[in-house]
Structure formats: C-alpha cells, structure tokens
Amino acid sequence: MRSKSYEFIARGKPDAARPRLLSLWALAGFALVVLLSLVLTFPKQELLRQAAQEKLGDPLTASYLANLLKTDPSNLELRLLLAEHKIRLGEFGEIPAILEPALHSADPDWQAKGRLTEYKYLTAQAALVEEGSAQRALLAERRRAALAMLAGYSWPAPTLIYLVGQASELRERAIVARLYRAIAESPQQMPVEWYAGTAAKTLGEGDYELAAQLYFIARDKADSLPRQREFLIAGVKALLANSLYSQALEEADRHLGNLGDDPDTLYFLAQAARAANDPVRADRYARRMLRLSWLERVAGWFQGLDLSLIGTANAASAEPPQAVPAGMLPYDPERYRLAYDIFLANRNLADAFRVAEAAVRQAPEDAAWHKRLAQVAEWDRKPDVALREWRWLAQRDGGEEALLALLRLAPGLGDYDTLLEAWKRVAAARRLDEAQWRSLADLFEQAGRQREGIEFFEARYAADGAPLSLEIAARLAQRSGDDERANRLYLGLLDRHGFSVDRLLKIVTLHLQKGRNREAFDLLQKHRGQTGE
C-alpha cells in the first residue's frame, strides 16, 4: 500500500526529478573503465588475428573492421584486411582510399602487400565487366602492369603460385617464367608433396602449363629416383594433354638430369616424342634407352658377331638365350619393340638391325623378332642374314611370306640347298608344270643331292604314276653315274608307258657306255619294227 501511494504521489508531480543511482559523469567514467578493461583483456592485434581468421566476405566482420579502423587509421594491417573483405563483398567504392596509405608506405613490405591487394581489387572489378568491352581491356592492361611490379617483390610460395596462375591467365609468359624461377629458388622449403598436390589441383582446374611447371619443381626437389621419374612424367603428360607437344619435350630435356640414364623414363619420353611426331628426339631417347652407342669397341663386337647357331636349317631343339650384347640394355620386349619401331620409322636401319639382332640373340624362340630381323636385314642390304632368318621361319611354318622370301633371296646368294627346300615346299603345296619339275630336278643336281632327287621323284611316281616323274628320276640317276639304276628306270618307263625313240636311245646309250654292245644291239633289234627302220 505504501508503494502504491508513493507511485500515485510521484505521478501527480510532473516536475519532480527521477531518482538516479549514478550521475552522467559517473556513468561515462564507468564505460571508460569497462572499455579500458576490454582493450587490456583483448589487445588490438589479437582482435585483428581473430578477424583475419573469419571467412572473407563476412559483412559483420567487415563492419567491425571499419569501425575499428576509425580508432586506428594508421594501422596498415587493418586496412589491408578490411580491403580484402570489401573486395569479396563487391563493395569497391572505398577500396582505393583504404589502400592508399599502404601503397605509399616507405616500408617495401607493406607497399608490396598493398599492391597485391590492389591487384586483387582490379581482378574483381574485371570479373564484373562485360567481356570484350573497352573497360575490360583497360582493366586487363592495368592488371598486366600490376603483375609486372608484383613479380619484382619477394613472396612466399603460395603467393607466387597465385601470381603464376594470374600471369598464365593474362598470357604473360615472361612473367610466368620469372615467377617459376622464383618458386624454384624460394628459400621457403615447401615439402615436395605440397608442390605435387598443388599441381594436381591446378591440373584439375584446367591450368595445364602451371600444373606442369609445379610438377617439374617437385621433380627437381624430389630426392628419390622413382619420385623424380613420377613428377617428370606427370609434368610432360600435363603439357601433352593440352597439345603442347614441342613445349612438353623441351621441358623434358630441360629437367631430365639424372633421369637421362633411366630406362623407364626414356621409354615414356620415346613414346611421347613418337606421338608428338618428333623423330629426332624419339630416335635419341630410344638409343639412350637401350644404351646404344657408336663406340668403336661396339662396332668391332658387331663385326665379329657370330649368330650362325641361330636359325640354322639343322636346328633340332630350342637354342638357349645368349649373353646380352655389349653396350646394350638387357632384353625387354616392350622397350626393344618401341626402339625398333622408332628406328624403322626414322629409316635408321642400322640401329633397327642391331635391336632386332640383339632380341633374336636373347630370345631365340621368338618368331616375331626373327621376322623383324629378316625384314630389316633385307632392307639394310644384309641378304645373308635375311635368308637365314626367313629359313628359320619357314621351318616353323612361317607361311607363304617366308617361302617367297627364300625363293627371292636364295638364288642371288647361290644357296641351292635353301632354294631346293623352298621348291620342295612349293611342290607339296601346289601343282607344278613340266618346266618347274625339271627346274626342281636341276636344283637337286646343283645342290649335289642327286641321290635324294632320285628318291624324291621315285616317290612322286609311286604317288601320282606320272611318267615325267620316272623319266626325271632316270635322268638324275644317269647324270649321277648310277647307270644300273638309270637303266632300270628307263626300262620301266619303256615297259609301262609305251615306246618312244628317245627312251630307247637312252637305254642303248647306257649299254654302250658300259661296253655292253650285245645288249644294245639286241634291244635295237627287239624294237626294230617300232623305230621305222
């Protein structure tokens, strides 16, 4: 009741002053004490640190920084952080004024940071301007000029990476190259994985050249051969993926270093050069891959090489692999095949021959390599080697190609044995005419294998009953000096296939040569009525 009475009395006196606990001056002093306590508790640098950790573009943080800047307008760090937020928010109007003190600072570090933020401001502006417009072109020129200045400062690796990406976007290759060198020479020891990871991320964003250069930096900083190979190949692949073939191979040569003797790296580069239609590099990589050289000792080894046991006609069993040729990498199917194909495409027949010959020497049962050696030997004017290899293939069902090669090469080399075997295969595969059968008989004579020829044609006669086969057998017997056999064969021909003056005279001649005049006379008398005399 007392309180209500008091309230009623107070309301009834409009001029009465309200009671206060503190005066205005006391309240202001209290606020000052609280503010001082907050400043002491949270120093400005700590507040800036916390603000810097906030995501750029946060309006609340930007507002807080703007108010804080009013209390400390000379704080350059605060200015740059506020400018970054405003760039992200798209609030460009106040940015030049915010950055001006940093751009004109006597401290080169703050000046550099100010120019970097200014460049980001120009880039953000350009992104909002219509492409192809005059304003966009003007902003691009300003960005190029700003980049050229920024490239002259020292930066940590992440900032250098950012600047390289910007320079690549603007196609400022001179600046790009300068920044790449700065990255590689940076005293900041970034781990190799950082470069490789950044390269992979950059590649995923479609910046092939920057990704390649990052891979090359990782290659130069890696301390193990497998990692060096991995990063070099990754860098070359990145450039190839963007169809930058010449640049890819030039960079490969520039960063090859100790990988110049690594067969796996050289195998990849040989493939890349071949795909890039660079035969000179492909040839060089292939030769280095197999460690081919033109040293006189290797040439001497090659001249004295004896492969007579490989592919011989009388080989009855598989030959064991031979030793690795001097001055050449041990046999590897893929590497040898790639090198052979590259040499052949470049018309480097000498090296193609050496590779094929080394492959046959180390893999003597590989028919594909025998065929390659046969072909390249023929092209390289080594018909004796070619004939030997085609003969090896023919003995192992090399098909018509091998047979035709034997028929083509053997006559020029006077190899009647090989030619005879080829014709025997032809005779077994198809029908011959009379002239071809007689030529085959001549080959038996030229090869000094008359007895075999007689047996061959006797077997043919037993199979087909053709008088020509028996006549050829008789002739071979006569020419080889086996008169008794020739006489028997001629008589069989006369008895079974009818009379002819030629057959009669051949038998009579054989009798006379042996001094059997009576037998000759009796034979003539027997067939006198058939001779017409």
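Residues numbered from 1 in each chain as written. Predicted model: local features only at pLDDT ≥ 70, side-chain atom pairs only at ≥ 80, totals over all residues. Heavy atoms only, no water.

Chemist: When you look at the overall build of the chain in this model, what are you seeing that I'm missing?
Modeler: Within the chain one finds 30 helices and zero strands. In the chain, which comprises 533 residues, the share counted as buried stands at 43%. Approximately 29800 Å² of the chain is accessible, and the part contributed by carbon and sulfur atoms is 53%. (Helix = DSSP H or I, 4+ residues; strand = E, 2+ residues; numbered from the N terminus. Buried < 20%, exposed > 50% of the residue type's maximum accessible area, 1.4 Å probe, protein only. Areas by Shrake-Rupley, 256 points an atom, 1.4 Å probe, with all protein chains shown as cover.)

Chemist: What am I meant to see in helix H16 (residues 279-290) here?
Modeler: An α-helical turn contains 3.6 residues, so any two residues separated by three or four positions project in the same direction. Taking 1.5 Å of rise per residue, the 12 residues of H16 would be expected to cover 16 Å, and the 16 Å separating its terminal C-alpha atoms lies within 8% of that figure. Taken together, the buried positions of H16 are Arg281, Ala282, Asp283, Tyr285, Ala286, Arg287, Met289 and Leu290. Buried residues in H16 make contact with helix H14 (245-255), helix H15 (263-275), helix H18 (333-345) and helix H19 (349-362). Just past H16, the residue Arg291 takes up positive phi, approximately 60°. (Expected span 1.5 Å × (residues − 1). Contact = heavy atoms within 4.5 Å.)

Chemist: Which parts of the structure should I look at to understand the nonpolar core?
Modeler: The tendency in soluble globular proteins is for nonpolar side chains to be buried side by side. Counting residues in each nonpolar core, the largest one holds 84 residues, and the members touching the most others are Leu290, Val355, Trp390, Leu440 and Phe457. Non-local contacts of Trp390, meaning those with residues more than four positions away in its chain, are made with Lys371, Ala374, Gln375, Glu378, Glu401, Ala402, Ala405, Leu406, Arg408 and Leu409. Counting 55 residues, the second largest nonpolar core, distinct from the first, contains Leu150, Ala157, Leu163 and Tyr180. (Core = buried A, V, L, I, M, F, W, Y, C linked by side-chain atoms within 4.5 Å.)

Chemist: When you look at the pattern of salt bridges in this model, what are you seeing that I'm missing?
Modeler: Where charged atoms of side chains with opposite charge meet at close range, the side chains can pair. For the structure shown, the criterion picks out 31 salt bridges. The partner of Glu84 in a salt bridge is Lys120, and the shortest N-O contact between them spans 3.3 Å. Of this pair, Glu84 sits in helix H5 (residues 76-89) while Lys120 is found in helix H7 (residues 108-127), placing the two residues 36 residues apart along the sequence. By relative accessible area, Glu84 is classed as buried at 18%. Glu401 is the salt-bridge partner of Lys371, the closest N and O atoms lying 2.9 Å from each other. Of this pair, Lys371 sits in helix H20 (residues 367-379) while Glu401 is found in helix H22 (residues 399-413), placing the two residues 30 residues apart along the sequence. Assessed through its relative accessible area of 33%, Lys371 is described here as partly exposed. (Salt bridge = Lys/Arg side-chain N within 4 Å of Asp/Glu carboxyl O.)

Chemist: Explain the packing of helix H12 (residues 208-221) against helix H13 (residues 225-241) to me, please; I cannot follow it from the model alone.
Modeler: The angle between the axes and the distance between the axes are what describe a pair of packed helices. Packing of H12 against H13 leaves a shortest axis separation of 8 Å and a crossing angle of 165°. The angle between the axes of H12 and H13 places the two elements in the roughly antiparallel class. Seen along the crossing, H12 lies across H13 with a hand that is left-handed. Contacts from Tyr208, Glu209, Ala212, Tyr215, Phe216, Ala218 and Arg219 in H12 reach Gln228, Phe231, Leu232, Ala234, Gly235, Val236, Ala238, Leu239 and Ala241 in H13. Of the residues in the contact of H12 with H13, the class split is 12 nonpolar, two polar and two charged. (Axes fitted to C-alpha atoms, helices over the stretch in contact; angles between N-to-C directions. Parallel < 35°, antiparallel > 145°, perpendicular 65-115°, else oblique. Left-handed = near helix turned anticlockwise from the far one by under 90°. Nonpolar A, V, L, I, M, F, W, Y, C, P; charged D, E, K, R; others polar.)

Chemist: Mind showing me how you'd approach the environment of Thr71 here?
Modeler: Among the structural elements, Thr71 can be located in helix H4 (residues 59-71). Polar contacts involving the side chain of Thr71 include one to the main-chain carbonyl oxygen of Leu68, which spans 2.5 Å. (Polar contact = N/O pair within 3.5 Å; in protein donor to acceptor, adjacent residues only side chain to side chain.)

Chemist: Could you clarify how one ought to interpret unusual backbone geometry in this entry?
Modeler: If a residue is not glycine, its phi is most likely negative; likewise, a peptide bond is most likely trans. With phi around 60°, Arg171 is a residue other than glycine that occupies positive phi space. Relative to the elements of secondary structure, Arg171 occurs in the loop between helix H9 (157-169) and helix H10 (173-184). Judged by relative accessible area, which is 67%, Arg171 ranks as exposed. At Arg381, a residue that is not glycine, the phi angle is positive and equals roughly 60°.

Chemist: Please clarify how the packing of H14 against H16 should be interpreted in this entry.
Modeler: In contact at an axis separation of 12 Å, H14 and H16 are set at 35° when each is read in the N-to-C sense. Of the two possible hands of crossing, H14 and H16 adopt the one that is left-handed. The segment H14 lies against H16, with Leu249, Glu250, Ala252 and Asp253 engaging Arg281, Arg284 and Tyr285. A class-by-class count of the residues in the contact of H14 with H16 yields three nonpolar, no polar and four charged.

Chemist: Please clarify how helix H23 (residues 416-429) should be interpreted in this entry.
Modeler: Between the first and last C-alpha of H23 there are 20 Å, a value that for 14 residues agrees with the 20 Å anticipated at 1.5 Å per step. Residues of H23 that are buried: Thr418, Leu419, Leu420, Ala422, Val426 and Ala427. Turning to H23, the residues buried within the fold contact helix H21 (383-395), H22, helix H24 (434-446) and helix H25 (450-464).

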